[in-house]
Amino acid sequence: MTAIVQFENVGLRYGFGAETLSDLSFSLEQGSFYFLTGASGAGKTSLLKLLYLSQRPSRGAIHLFGTDIVTMARTRLPGFRRRIGVVFQDFRLVPHLSAYDNVALPLRIAGVSDAQLKMPVDEMLHWVGLTDRANALPATLSGGEQQRVAIARAVIGRPELLVADEPTGNVDMEMASRLITLFEALNKLGTTIVVATHDFNLLGKVANARMMRLDAGRLVDPTGALRYPPRTAPAPDAPRW
Amino acid sequence: MVGAPAIDRAITAGSANDRLLPQGRLAGPMPWIVAIMIFLTVLACAAGIALGEGAATMRDAVTNRLTVQVTEADAARRDALTNRIRASVVRLPGVAAVRVAPRAELARQLEPWLGGDAAAAEIPIPALIDVDLSDGGAAADRARDAIVRAVAPITPDARVEPHATFIAPVIALVRTVGWIALAIVGLMAVATCCVVVLAARGSHATHRGTIEIMHMLGATDGQVMRLFQRRLTRDISFGAAVGLLAAVAVILSVGRSLGLLAGDLMGSIGLPWWGWVVMPALPLLFIAVAWVAARITLHSALNRSL
């Protein structure tokens, strides 16, 4: 399997403060499913920001889709971002757009016409159980509904890498299971999934998922399996859920 | 794979993408500020052009004219001197026409000060000989000198007065006011640019969240910029149209009032045909300048994010 993401001695600091992330070295294999865990403040969201190109690292090297994105020109980033789906912890829906238009946004940005995007958007809204709320503005949706819109928006473009920050934090168990099933289905189609979560119930729901754990900004990787993943199949002693 | 131009068209065209930024743009003050500025700018421009045209008309009208004034108390001798001067001057090179102002015309002009019996009374009113020169510039100067030389031997009391001498301060004043008006046009253009820059910055700050989301979803700076620019251009165009129409209405109204004034000074002030071309072009120029200012401002603001 090829590595879709490679971190080498990556560090991140905001301003002149202490490093939020230190010495991160790992690879994410294409088509794999990862859970990212860690205590609050461990740096999960910061790591995800590096993955979805919202931040550049203070040091180290990051290769995404085989390309060095640390020194990459800013003008080339949009092309890479279109290959990444993101579920933000705070949803970040566009407040004046309906649920339908929020879900359709990545397709519009990618140049899909209104006629062509109707069917996939309707299907996606149906999948997350929001067909009857398609015309609702985010302010009128519950937290769980907003989260489902955010997830639908993240996956509708069938990204190569899906990064989700606490995607089931505001939904009930049944909806959480549905969403994880959706992520698994995407994963089977080849999308690499990284889900940051505090919910340990989720960890056992995905077969072959691997766990990454952050502790005070450092990756806990005692076996080295994250840094040097086996080329064909996960090592027997690699953490698996 | 969809090509970049197609993507840009998709994101910046069509009603669905209009919704990416909140609606209700005309509720904001920007179009109305632009309307007021364009209104004042077009008025200043029209004033500048009209005054410049008026100054040129006045200058053309008086540059080639002069008056010989014969100040002789004795009426018979004055008439004789006038005839001699007229006969002498009319033969000089560069003189197109010579006309002795009739006594009745002089009396009519003096009537408000001297009363209706001015001509009949024994008041020594000078005789006036109006001379039109055929050429302007250096030829006019030469003709004027020749007239002075021709008149002096006939009577040393006659005075040769070029009209340009006494109208020159008025022309200079009118021309100065015209330049001031055009300078105001320049200042208004700068102020309009500043307003657009502030509006673009404000709009960028207001929609920062939406811009960040669009960036994270893969939108390019060009796509984001075009959304804002289209909005700003629409607002500015609306303001410019309102301002231009209001200014044209005022100009037509003032022009009609000026037309009713019979005075030479006011009568010479008017807009030439090309003034009516410049005025609608001015808002278009402002829109273009504002478009560039907005683009530079937004580009700079977007460049500060990743």
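Everything below is about the structure shown above.
Presented here is a report on the structure given in the accompanying data block.

Looking at the sheet that holds strand β3 (residues 127-133) of chain B
All names here are of chain B.
- Taken in spatial order, the four strands line up as β2-β3-β1-β4 in an open sheet, and their pairing is antiparallel. Looking along the sheet, the strands with just one partner apiece sit at the ends: β2 (95-100) and β4 (159-162). The average undirected angle you get between the axes of adjacent strands in this sheet is 20°.
- Where strand β1 (residues 65-70) lies against β4, four bridges are found, and the strand directions are antiparallel. In the sheet register, Gln69 faces β4, and the bridge partner there is Arg159.
- Here helix α4 (residues 75-89) sits on the sheet and contacts β1, β2 and β3; the angle it forms with β3, its principal contact strand, is near 10°.

Topic: the pairing of β1 of chain B
Residue and element names in this part refer to chain B.
- Burial of β1 is extensive: five of the six residues sit out of reach of the surface.
- Inspection of the sheet shows β1 paired to β3 by six bridges, in the antiparallel sense. Of the residues in β3, the one forming a bridge with Thr67 is Asp130.

Observations concerning the interface of chain B and chain A
- At the junction of the two partners, chain B supplies 26 residues and chain A supplies 25 residues.
- Interface area for chain B against chain A, summed over the two sides, is near 2300 Å², with a carbon-plus-sulfur share of 63%.
- For the chain B face of the interface with chain A, the top three residues by lost area are Met216, Leu217 and Leu306 of chain B, together amounting to 36%.
- Where Asp221 of chain B meets Arg74 of chain A, a salt bridge forms, and the shortest distance between an N and an O atom there is 2.6 Å.
- Listing elements by their share of the side of chain B that touches chain A, those giving two or more residues are α1 (4-12), α2 (15-18), α8 (208-216), α9 (221-260) and α11 (273-303) of chain B.
- The element best represented in the side of chain B that touches chain A is α8 of chain B, accounting for six residues.

Things to note about the environment of Ala181 of chain B
All names here are of chain B.
- Following the sequence through the fold, Ala181 ends up in helix α7 (residues 163-206).
- Classification of Ala181 as buried rests on a relative accessible area of 7%.
- Counting along the chain gives 136 residues from Ala181 to Cys45, while the straight-line C-alpha distance between them is 6.2 Å.
- Discounting chain neighbours no more than four positions away, the residues touching Ala181 are Ala44, Ala47 and Gly48.

A word on the pattern of salt bridges
Residue and element names in this part refer to chain A.
- Per the counting criterion, the structure on display carries 18 salt bridges over all chains.
- Between Arg59 and Asp23 there is a salt bridge whose closest N-O contact spans 2.8 Å. Of this pair, Arg59 sits in strand β4 (residues 59-64) while Asp23 sits in strand β2 (residues 19-29), and the two are 36 residues apart along the sequence.
- Here the residues in one salt-bridge network are Glu19, Asp23, Arg59 and Arg218, joined through shared partners.

Scoring rules and cut-offs
- Residues numbered from 1 in each chain as written.
- Chains lettered and ligands numbered in written order.
- Predicted model: local features only at pLDDT ≥ 70, side-chain atom pairs only at ≥ 80, totals over all residues.
- Heavy atoms only, no water.
- Pairing = 2+ DSSP bridges.
- Helix = DSSP H or I, 4+ residues; strand = E, 2+ residues; numbered from the N terminus.
- Axes fitted to C-alpha atoms, helices over the stretch in contact; angles between N-to-C directions.
- Contact = heavy atoms within 4.5 Å.
- Buried < 20%, exposed > 50% of the residue type's maximum accessible area, 1.4 Å probe, protein only.
- Buried area = accessible area lost by both parts, 1.4 Å probe.
- Salt bridge = Lys/Arg side-chain N within 4 Å of Asp/Glu carboxyl O.

In short, the description is geometric, and any link to function would need to be established separately.
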